Amino acid sequence: MANENINLLKGTLGLLLLKSLSGGQRHGHDILKWIRRASDGKFHIEEGAIYPALHRLEAQGLIDAEWGVTENNRQAKYYRLTPKGRARLRSEVAQWEEYVAIFNSLLQAV
Amino acid sequence: MVEKRRNRPFFWLRRREDIAREIDEELRLHIELTVEELIEEGMEPSSARREAEKRFGDYEARRRECTEFGVHQLRLERRIELMSEIIHDIRFAIRSFHRTPAFSLIVIITLAMGIGASTLVFSVVDGVLLRPLPYKDSQRLVMVGEMFTDRGRRGPGQDASQLGPASPLNFFDWRDRSTCFEALVAQIPVTLNLSGRGIPEGLSALGVSADYFSMLRVQPLMGRGLLREDDQPKAEGVVVLSFGLWQRRFGGDADIIGRKLTLSEHPYTVVGVIPPGFHPPMTSSQHSIDAWIPLSFAEVPIDTRRARFLDVAGRLRSDISLAQAREEMKTLGAVLARDYPMENNGAGIRIESLHQQTAGETDRPLKILMGGVMLLLLIACANVASLFVSRAIARQKEMALRSALGASRGRIVRQLLTESISVSILGGALGVGFAYAGVELLAIINPGAIPRIAEVAVDLRVMSFTLALSIATGILFGLAPILQTSKNYPIEALKMGASGATNSKDRRRMHQSLIIVETALAFVLLIGAGLVINSFVRLQRVDLGFVTENILTTELRLGPRYDSREKQTAFFTDLTQRIKNIAGVKSAGMTTSLPLSGNLILARVSFEGQAPDRLLPHIPFCKISPGYFETMGIRLIKGRDFTEMDNPDHEPVIIVNESLARLYWPDKEALGQRLKFGRHDSSSPWMTIIGVVNDIHQRGVGIPGEPESYLPLLSFEQNQTSLAIRYEEDTAPVTAAIRQAVWEIDPDIPVTLNTMKALVSTSITEPRFYTILLGSFAAMALTLACVGIYGMMSYSVAQRAREIGIRRALGARDRRILWMVLRQGLYRALLGLAAGLLISFWAARLLAKFLFGVSTTDPLTFITVAILLAAVGVMSAYIPARRALKVDPLLVLRAE
């Protein structure tokens, strides 16, 4: 399993994006950088895919968007969690952990 | 560090380009940042760009995806915004109507009258004309008939476009030799005496050929329908009962199938019961059918080609069109005419859709009724429009303020329309209630003569019509105030006071035109109603040629045991004697055709002394007993009545009426002339005319004297007649005695007593129906017009209060001012009357066919209506003017 890029499981991108914003507001490129850093470069994501996902999360009211200025004085769209998004993140994480625990015990069963 | 670039107000004002631009910016930045990163790591700029784009993925696809999503969201939000605006408008409308309850109430009631009446008429039109017949795949059903192209061979009241009845042998040829029909059935109405347990009852039944129920796709509730095997003459008699008869007579007995009944002294076995709600085609809606028996049991000759009495209906094969069927039957008709020239020469076979035949002649008068009710609706709209205009003026300041605060003209228009449509829908809802009540009332008036009247109901179809009508009405009168608002909103509006001097000219013109329009519309409707009412009154008062008061009638059907003329005569004579002996009975007589029953028989006759090969005319005749004329009050003008002596042992005699005498012997004496049935050389005997009676209205109340002849009943075999009895005192004791008299001789004969008066009344239910409806609409229209015209004139005068005040302060005499106002009112009324007159002359012609004894330009009606409406116009001006003159001029001037 060394250095093979692992594809993201279907349906988990949303959770990932929510989590990426839990530390504060970020724009799309920063989110990608965070993912790369936090997964040690092992997760393979087609970069452009995060934008439709971000807009969907915004339409659902889980994240907020605002145009702002980067350090290099560029116009960038910054996203951040709404209270609703924060709550959703919590519940999704809990669900994920439970799912993983059950699946693990199934995999280890005889 | 993040700075806010811009807020996001008016998100819904963004457009597709804005969204696309934003997305492009966002995605472009991503790529730029990646490029910068890669360059920092040491890559070549061009390869850095390529790598960045590769990492990004399909840029175009992502961009498109985000844009589509964004646009979709935009649309959603716009829709939500629109919804909330509309809800806000509706709430506002409700609130503002709450604030002025009197206004709202008047508007809603006015609209309810107009929309309710329209809904009522539409529900009748829908039930009778528009809705498909209540059978499966009814558009494939047709009626097939025959009619002679030659006028001389047709009877009175028959014209070439009708579908006449068919003869049995012709019907069988049609059925067996045609390919265009999936099924072809014939039916004949037949009356059966149900005897046995309980009171003998006369059943209204149909004798039908095979495949009747399967053609109509009727599933019996219990048992089965009639099969081909049942229609053989030697088969056992079977009968199918209607739901109504099964419940009423047999108490819904679950074991009814297989039970044996005695109908007209023959045994029949019940094989099926039909579900409720089945309306047999080609039958009048006035009488419901109780039972069905096979055609061969209906006691009618099956092997004749000449006698035509069967009603024929068929179902076209699914791949055959009406035109194709017509072609085929035309060819078949020619073949039959060639093969059987004596019976079929000159007869053409016609096919029409059953739907059209059922509606028959009612579509014309119903359409006229619909036109009339639309006039009423327009009058209601005019009233409401003027009310709305007045209200809009009072709210000018409010509207101007809204406009100044940023509401677009479109938004304001939308809000005003929401108000008017909301109130219109409320009016429509109330109107549906009126229409519902109206339909119930229809059942009381019971216009059974109108086909399918039982199917009329205020159902979902009709209610969607009401909804559409309400919305259209709301838009119509809602536009009036909108058209009034000048383009120099809001400044102008804010500047002037509530009276708005600058707008008054437009306002006055609108009121003027509304008054003229209302007067004209009311005129037309009142003329229409007036003519119809006039005609109906004459119809009711017309001299029918016979007495209608204090006469009881009943049908008498003798069973098969009376199988000879002697036995029948014995019964009739015995019965007549017994009835005459009842206390309170003045006279009694019998006839095979009561007036207005339409039971006359036609036959060809030859006249003695006329050229033998002349085309034989048809004359109608019925058979009567001595004493019939006396009972019915029919006068003998010349000669004598029949007596017991006029029987087959003596010379054959005949009595004719005035019209017949005048028609065939215009300058000679009819008494003593001789005529016979058939040609000169036929075997029937020459009959001598021994009497002439006055004409009666035989075919209908509105159809005056047609030629008619009478034969002595007792000279012929006849097992079915109507008995007429004239009495003096109140009916109850007499009816019981009559029944007893009949049952003393034969307890199996049903007796159903009617009064002649009721029969006459039933025969004019159709004109009565239209008269009541049209009359009610006219009354409502007159009320609305009075209220509306008076209101508008009052308002007008009030607007000129200032001007009047000045004039009076300057010394003008009261009378001059009064005349000035009156002159205006008169002028408008006259214009309206003139317009109404022109339209009425044209519109009244549509009624020509339906009027009895009244011309379409009846001066009395026109003058009455003109005076009435002129009076309304004048009084509407006079009363407010008088009131304005009572006020102190100084008060008026100061009140500005």
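Each value, and the rule that gives it
Residues numbered from 1 in each chain as written. Chains lettered and ligands numbered in written order. Predicted model: local features only at pLDDT ≥ 70, side-chain atom pairs only at ≥ 80, totals over all residues. Heavy atoms only, no water. Helix = DSSP H or I, 4+ residues; strand = E, 2+ residues; numbered from the N terminus. Rg over C-alpha atoms; globule rule 2.2 N^0.38 Å. Buried < 20%, exposed > 50% of the residue type's maximum accessible area, 1.4 Å probe, protein only. Lys, Arg positive; Asp, Glu negative; His and termini not counted. Charge placed at Lys NZ, Arg CZ, Asp CG, Glu CD. Contact = heavy atoms within 4.5 Å. Buried area = accessible area lost by both parts, 1.4 Å probe. Salt bridge = Lys/Arg side-chain N within 4 Å of Asp/Glu carboxyl O. Polar contact = N/O pair within 3.5 Å; in protein donor to acceptor, adjacent residues only side chain to side chain. Phe/Tyr/Trp six-rings, centres within 6.5 Å; stacked < 30°, edge-to-face > 60°. Lys NZ or Arg CZ within 6 Å of the ring centre and 35° of its normal. pLDDT = per-residue confidence, 0-100. Core = buried A, V, L, I, M, F, W, Y, C linked by side-chain atoms within 4.5 Å. Pairing = 2+ DSSP bridges. Axes fitted to C-alpha atoms, helices over the stretch in contact; angles between N-to-C directions. Left-handed = near helix turned anticlockwise from the far one by under 90°. Disulfide = S-S within 2.5 Å.

**Q** Lay out the overall build of chain B with the relevant residues and their values.
**A** Secondary structure summary: chain B contains 26 helices and 21 strands in total. Expected size for 896 residues packed as a compact globule is a radius of gyration near 29 Å; at 39 Å, chain B overshoots this value by more than 25%. In terms of principal-axis extent, the alpha carbons of chain B reach across some 130 × 100 × 55 Å. Relative to its 896 residues, chain B shows a buried fraction of 50%. Across chain B, the mean location of the 105 positive side-chain charges is 10 Å away from that of the 94 negative side-chain charges.

**Q** Residue-level account of the interface of chain A and chain B, with values.
**A** Residue-level contacts link 28 residues of chain A with 28 residues of chain B. When chain A packs against chain B, close to 2700 Å² is buried across both sides, 52% of that on carbon and sulfur atoms. A salt bridge links E36 of chain B to R74 of chain A, with the shortest nitrogen-to-oxygen separation between them at 2.3 Å. There are 10 residue pairs in polar contact (both at pLDDT 80 or more) connecting chain A and chain B. Looking at the side of chain A that touches chain B, the elements that each hand over two or more residues are α2 (28-38), α3 (50-59), β4 (63-69) and β5 (75-81) of chain A.

**Q** Outline the packing of aromatic side chains, supporting the account with residue identities and numerical values.
**A** Residues and elements named next belong to chain B. Evaluated as defined, the whole model comprises 25 aromatic pairs over all chains. Taken together, a centroid distance of 5.1 Å and an interplanar angle of 45° make the contact between F621 and F677 tilted. With F621 in strand β14 (residues 618-624) and F677 in strand β17 (residues 674-677), this residue pair connects regions lying 56 residues apart in the sequence. Over the face of the ring belonging to Y340 we find R305, whose NZ or CZ atom lies 3.5 Å from the ring centre. In this structure, R391 packs its charged tip against the face of F388, placed 5.7 Å from the ring centre.

**Q** Would you mind going over the confidence of the model for chain B in detail, with residue names and values included?
**A** Residue and element names in this part refer to chain B. Summarising the model, chain B shows a mean pLDDT of 85, and 94% of its residues fall at 70 or more. The low-confidence segment residues 1-9 (pLDDT under 50) makes 16 contacts with residues lying over four places distant or belonging to another chain. In the predicted assembly, ipTM is 0.88 and pTM is 0.77.

**Q** Summarise the nonpolar core; cite the residues concerned and give the values.
**A** Residue and element names in this part refer to chain B. By size, the foremost hydrophobic cluster in this structure holds 93 residues, and its most contacted members are L366, L369, F388, V423, F477 and F777. Broken down by element, this core gets its largest block of residues, 17 residues, from helix α11 (residues 363-394). Non-local contacts of F477, meaning those with residues more than four positions away in its chain, are made with L111, C381, V384, A385, F388, S420, V423 and S424. If you look at the next biggest cluster of nonpolar residues, it comprises 43 residues, including C180, I188, A291 and I320.

**Q** Describe the environment of S39 of chain A, listing the residues and the values that go with them.
**A** Tracing the backbone shows S39 of chain A in the loop between α2 and β3 (43-44). As a C-alpha pair, S39 of chain A and I50 of chain A span 11 residues in sequence and 16 Å in three-dimensional space.

**Q** Quick one: what's the story with the sheet that holds strand β2 (residues 26-27) of chain A, residue by residue and with numbers?
**A** Residue and element names in this part refer to chain A. Here 3 strands make up an open sheet; going across it, the order is β2-β5-β4 and the pairing antiparallel. Every other strand in the sheet has two partners, leaving β2 and β4 as the edge strands with one partner each. With 2 bridges connecting them, β2 and β5 associate as antiparallel partners. Paired with H27 across the bridge in β5 is Y78. Along the sheet, α3 makes contact with β4 and β5, crossing β5 at roughly 55°.

**Q** Before we move on, could you go through the pairing of strand β16 (residues 653-657) of chain B and cite the residues and values that matter?
**A** Side chains on a regular strand alternate between the two faces of the sheet. Residues and elements named next belong to chain B. Within β16, 5 of the 5 residues are buried, leaving the element largely enclosed by the surrounding structure. Burial along β16 is two-sided: the residues V653, I655 and N657 and I654 and V656 are all buried. Two strands pair when backbone bridges link them, and β16 and strand β19 (residues 709-712) are joined in this way by 2 bridges, in the antiparallel orientation. Within β19, the residue paired with I655 across the bridge is Y710.

**Q** Break down the packing of helix α22 (residues 765-799) of chain B against helix α25 (residues 859-886) of chain B for me, citing the residues and quoting the values.
**A** Residues and elements named next belong to chain B. Running from amino to carboxyl end, α22 crosses α25 at an angle of 35°, the nearest separation of the two axes being 9 Å. As α22 runs across α25, the sense of the crossing is right-handed. Residues L782, C786, I789, Y790, M793, S794 and V797 of α22 lie in contact with α25, whose contacting residues are L868, L869, V872, G873, S876, A877, I879, P880, A881, R883 and A884.

**Q** Outline the state of the cysteines, supporting the account with residue identities and numerical values.
**A** Per the stated rule, a full pass over the model turns up 0 disulfides over all chains. As a non-bridged cysteine, C786 of chain B has C381 of chain B as the owner of its nearest cysteine sulfur, 18 Å distant.

**Q** Quick rundown of α3 of chain A? Include the residues and the values.
**A** In terms of burial, α3 of chain A is largely enclosed, as 8 of its 10 residues are buried. Taken residue by residue, α3 of chain A has I50, Y51, P52, A53, L54, H55, L57 and E58 of chain A as its buried positions.

**Q** Which residues make up the pattern of salt bridges, and what are the values?
**A** Residues and elements named next belong to chain B. In total, this model carries 55 salt bridges over all chains according to the counting rule given. Between D89 and R411 there is a salt bridge whose closest N-O contact spans 3.3 Å. Residue D89 is found in helix α3 (residues 59-99), and its partner R411 is found in helix α13 (residues 409-445); the two are separated by 322 residues along the sequence. Judged by its relative accessible area of 1%, D89 is buried. Connected through salt bridges with shared partners, the residues D173, R177, R305, R338 and D339 form a single ionic network.

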